[in-house]
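# Topology and contacts: notes
Okay, here's what each chain looks like letter by letter:
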Amino acid sequence: GAVVSQHPSRVICKSGTSVKIECRSLDFQATTMFWYRQFPKQSLMLMATSNEGSKATYEQGVEKDKFLINHASLTLSTLTVTSAHPEDSSFYICSATGGRTDTQYFGPGTRLTVL
Amino acid sequence: DQQVKQNSPSLSVQEGRISILNCDYTNSMFDYFLWYKKYPAEGPTFLISISSIKDKNEDGRFTVFLNKSAKHLSLHIVPSQPGDSAVYFCAARIFGNEKLTFGTGTRLTIIP
């Protein structure tokens, strides 16, 4: 149980384009979903927290107009990187809590490369 | 300000021996701690957790110890197996807040 999927697993895009990443909880209803990014050899940095049906809460320093988060249902959250630039290249990981525990279960991550 | 620190970026241990991974934290408000294991290009997998009301939690080969006065926790893996080779992150949480603060990770390599 507690499976979280992400799609796509890898994406390469041109600078200036937008990229959407999906995060789904497959076998439980996710009351809260989290979006992280990880640079090489660094820790996971929380970008934002989202609850179903409400606006996401962004961490300090994260541009909400650049990283659009939508949590439209209890099983799906999306992160859209708008007007992507090479410095946005990173590993993006989502996690979700819900069900019987409040432990965060992570998706497999999405490797974004902006050319 | 790194509130959760893993000072050893890497650790090599012989198969069958004990692996000890350490984690220190600075925020005394943290009251729940977790260990995650991560393979390259994958998301972290939850391993084991401990509440601040305990000083030890055990699950199979994995044991987590918490020393609140020293603001230190450790993960013991015994016996170590080749499949344990991965990056291990400790994470901490404040009561009532789902937000996790992660350490920088320790890469564990088990030598056959």
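Not measured: the values here are computed from a predicted model.

The next thing to look at is the sheet that holds strand 7 (residues 62-67) of chain B. All names here are of chain B. In space, the five strands of this open sheet follow the order 1-3-8-7-6, with antiparallel pairing throughout. With one partner strand each, in any of the chains shown, strand 1 (4-5) and strand 6 (56-59) form the two edges of the open sheet. Examined bridge by bridge, strand 6 and strand 7 share four bridges and lie antiparallel to one another. Bridge pairing in strand 7 links Asp59 to Phe62.

Within the structure shown, the criterion is met by five salt bridges over all chains. A:Glu59 is paired through a salt bridge with B:Lys99; the nearest N and O atoms lie 2.7 Å apart. Of this pair, A:Glu59 sits in the loop between strand 6 (57-58) and strand 7 (67-73) while B:Lys99 sits in the loop between strand 9 (86-94) and strand 10 (101-102), placing the two residues on different chains. The exposure class of A:Glu59 is buried, given its relative accessible area of 19%. On the basis of relative accessible area, B:Lys99 is assigned to the partly exposed category, the value being 31%. Among the ionic pairs, A:Asp88 bridges to A:Lys66, the shortest N-O distance being 2.9 Å. Of this pair, A:Asp88 sits in the loop between strand 8 (76-81) and strand 9 (90-98) while A:Lys66 sits in the loop between strand 6 and strand 7, placing them 22 residues apart in sequence.

This paragraph deals with the interface of chain A and chain B. The interface is formed by 19 residues belonging to chain A together with 16 residues belonging to chain B. Taken together, both faces of the contact between chain A and chain B bury some 1400 Å²; the carbon and sulfur share is 56%. Of all residues in chain A, A:Ser43, A:Leu44 and A:Phe106 give up the largest surface area on contact with chain B, accounting jointly for 29% of the area buried on that side. Remark: the boundary between chain A and chain B carries nine residue pairs in polar contact (both at pLDDT 80 or more). Listing elements by their share of the side of chain A that touches chain B, those giving two or more residues are strand 4 (30-38), strand 5 (44-51), strand 9 and strand 10 (101-106) of chain A. Looking at the side of chain A that touches chain B, its residues break down into eight nonpolar, nine polar and two charged.

Turning our attention to unusual backbone geometry. Residues and elements named next belong to chain A. The amide bond that connects His7 to the next residue, Pro8, takes the cis arrangement and shows omega of 0 degrees. Examined against the element boundaries, Pro8 turns out to sit in the loop between strand 1 (4-7) and strand 2 (10-13). Look at Ser83: it is not a glycine, yet its phi comes out positive at around 45 degrees. Position of Ser83 relative to the elements: it lies in the loop between strand 8 and strand 9.

The rules behind each value
Residues numbered from 1 in each chain as written. Chains lettered and ligands numbered in written order. Predicted model: local features only at pLDDT ≥ 70, side-chain atom pairs only at ≥ 80, totals over all residues. Heavy atoms only, no water. Pairing = 2+ DSSP bridges. Helix = DSSP H or I, 4+ residues; strand = E, 2+ residues; numbered from the N terminus. Salt bridge = Lys/Arg side-chain N within 4 Å of Asp/Glu carboxyl O. Buried < 20%, exposed > 50% of the residue type's maximum accessible area, 1.4 Å probe, protein only. Contact = heavy atoms within 4.5 Å. Buried area = accessible area lost by both parts, 1.4 Å probe. Polar contact = N/O pair within 3.5 Å; in protein donor to acceptor, adjacent residues only side chain to side chain. Nonpolar A, V, L, I, M, F, W, Y, C, P; charged D, E, K, R; others polar.

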